[in-house]
Amino acid sequence: MKNELELTVTTRRNIQSVSARELYEKLKIKTKFADWFPRMCEYGFIENEDYKAVSQKKVTAQGNTSEYTDYAISVDMAKQICMLQRNAMGMQYRRYLLDIEKRWKEKQTVEYKQARQKSIEVRKTFTDTLKAHGYEKQYEYINTTKAMKKPLGITARKPDMTESEIKKITAAEYLAEAMLADEVGYHEVNPVCIDASVAVESALSRRKLLSA
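Residues numbered from 1 in each chain as written. Predicted model: local features only at pLDDT ≥ 70, side-chain atom pairs only at ≥ 80, totals over all residues. Heavy atoms only, no water.

*Asks:* I'd love a proper account of unusual backbone geometry, names of residues and values included.
*Replies:* Despite not being glycine, K28 shows a phi value in the positive range, around 55°. Notably, N48 is not glycine yet its phi reads approximately 70°, a positive angle. Among the secondary structure elements, N48 is positioned in the loop between α2 (33–41) and β3 (51–59). By relative accessible area, which is 61% here, N48 ends up exposed. (Helix = DSSP H or I, 4+ residues; strand = E, 2+ residues; numbered from the N terminus. Buried < 20%, exposed > 50% of the residue type's maximum accessible area, 1.4 Å probe, protein only.)

Shown next as structure tokens:
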């Protein structure tokens, strides 16, 4: 399910940024953007460091193309702008951006990269196993992955998963591959894969309980 708070985040030269206009709309600012954004910039933000003008195009109701200026603002600037709004919506988006920043930093660690590489390797052999059991269409693989993520409490796509989430889905796919014996028919594949996820989540829950 899509996060209602979701902002489009772009990454260039290891810097994450969001659209100033999109943030403006999400925050439901009543002041005109042309007045609001320059006022936000007065809080010490530096052009071409914290934000950069970006020329965009849009199609009008008459079918013509017009240009307008947007701004790519750093996630750090976006967090501060959210705090400056001094309202519940601003705080919601600040927490959302903090989570984006946390996930991004985690992705730079050696441990995350190792988990991601292991996930790719396991996914390849798991996909081969599904194919051997009659999977042919892309939607079949997608539906099985969605079904496996649910018992694990995972909602993010793989590129957006945390290190722990990647490890969980990798363990579930590895176990499912082992459980998919030759005699398992096409219609039994999905239930078996879900059982693998349930088993992984149960094992992790028991481990947490024992270490508490």
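After presenting the structure, the write-up continues.
*Asks:* Describe in detail the nonpolar core, supporting the description with residues and values.
*Replies:* Counting residues in hydrophobic clusters, the biggest one holds 24 residues, and the most contacted among them are L23, W36, F37, I73, M77, I81 and L97. For this core, the secondary structure elements donating two or more residues are α1 (20–26), α2, α3 (75–84) and α4 (88–107). Once you skip the residues sitting within four places of it in the chain, W36 turns out to touch A20, Y24, I29, T31, I81 and Q85. Membership of the second largest hydrophobic core comes to 22 residues, among which are Y112, L130, A172 and A176. (Core = buried A, V, L, I, M, F, W, Y, C linked by side-chain atoms within 4.5 Å. Contact = heavy atoms within 4.5 Å.)

*Asks:* Describe the packing of aromatic side chains, listing the residues and the values that go with them.
*Replies:* Using the criterion set out here, one finds 12 aromatic pairs in the structure. Ring centres of F33 and W36 lie 6.1 Å apart, and the angle between their planes is 45°; this geometry places the pair in the tilted category. Of this pair, F33 and W36 both sit in helix α2, three residues apart, roughly one helical turn. As far as the burial class goes, F33 and W36 line up, both buried. Between the aromatic rings of W36 and F37, the centroid separation amounts to 6.4 Å while the plane-to-plane angle is 50°, which identifies the pairing as tilted. (Phe/Tyr/Trp six-rings, centres within 6.5 Å; stacked < 30°, edge-to-face > 60°.)

*Asks:* Mind laying out the sheet that holds β3, listing which residues take part and the relevant values?
*Replies:* Within the open sheet, the four strands sit side by side as β1-β2-β4-β3. Their pairing is antiparallel. Two strands lie at the open edges of the sheet, namely β1 (9–12) and β3, each paired on one side alone. Strand-to-strand twist across the sheet, computed as the mean angle between neighbouring axes with direction ignored, equals 35°. With three bridges connecting them, strand β2 (residues 15–19) and strand β4 (residues 65–74) associate as antiparallel partners. Its bridge partner lying in β4, S19 is registered against A72. On the sheet, α3 packs against β2, β3 and β4 and is oriented at approximately 90° with respect to β4. Most of the contacts of α4 go to β2, to which it runs at about 155°, and overall it touches β1 and β2. (Pairing = 2+ DSSP bridges. Axes fitted to C-alpha atoms, helices over the stretch in contact; angles between N-to-C directions.)

*Asks:* Quick rundown of the side chain of R123? Include the residues and the values.
*Replies:* Here R123 shows up in helix α5 (residues 110–132). Within polar-contact distance, the side chain of R123 engages the side chain of E173 at 2.7 Å. Not counting the four nearest positions on each side in its chain, R123 is found in contact with Y141, T145, K158 and E173. (Polar contact = N/O pair within 3.5 Å; in protein donor to acceptor, adjacent residues only side chain to side chain.)

*Asks:* An account of the pattern of salt bridges is requested, with residue identities and associated values reported.
*Replies:* Where charged atoms of side chains with opposite charge meet at close range, the side chains can pair. One pass over the structure, following the stated rule, counts nine salt bridges. A salt bridge links R103 to E165; the shortest N-O distance between them is 3.8 Å. Of this pair, R103 sits in helix α4 while E165 sits in helix α7 (residues 163–179), and the two are 62 residues apart along the sequence. Relative accessible area serves as the criterion here: at 23%, R103 is assigned to the partly exposed category. (Salt bridge = Lys/Arg side-chain N within 4 Å of Asp/Glu carboxyl O.)

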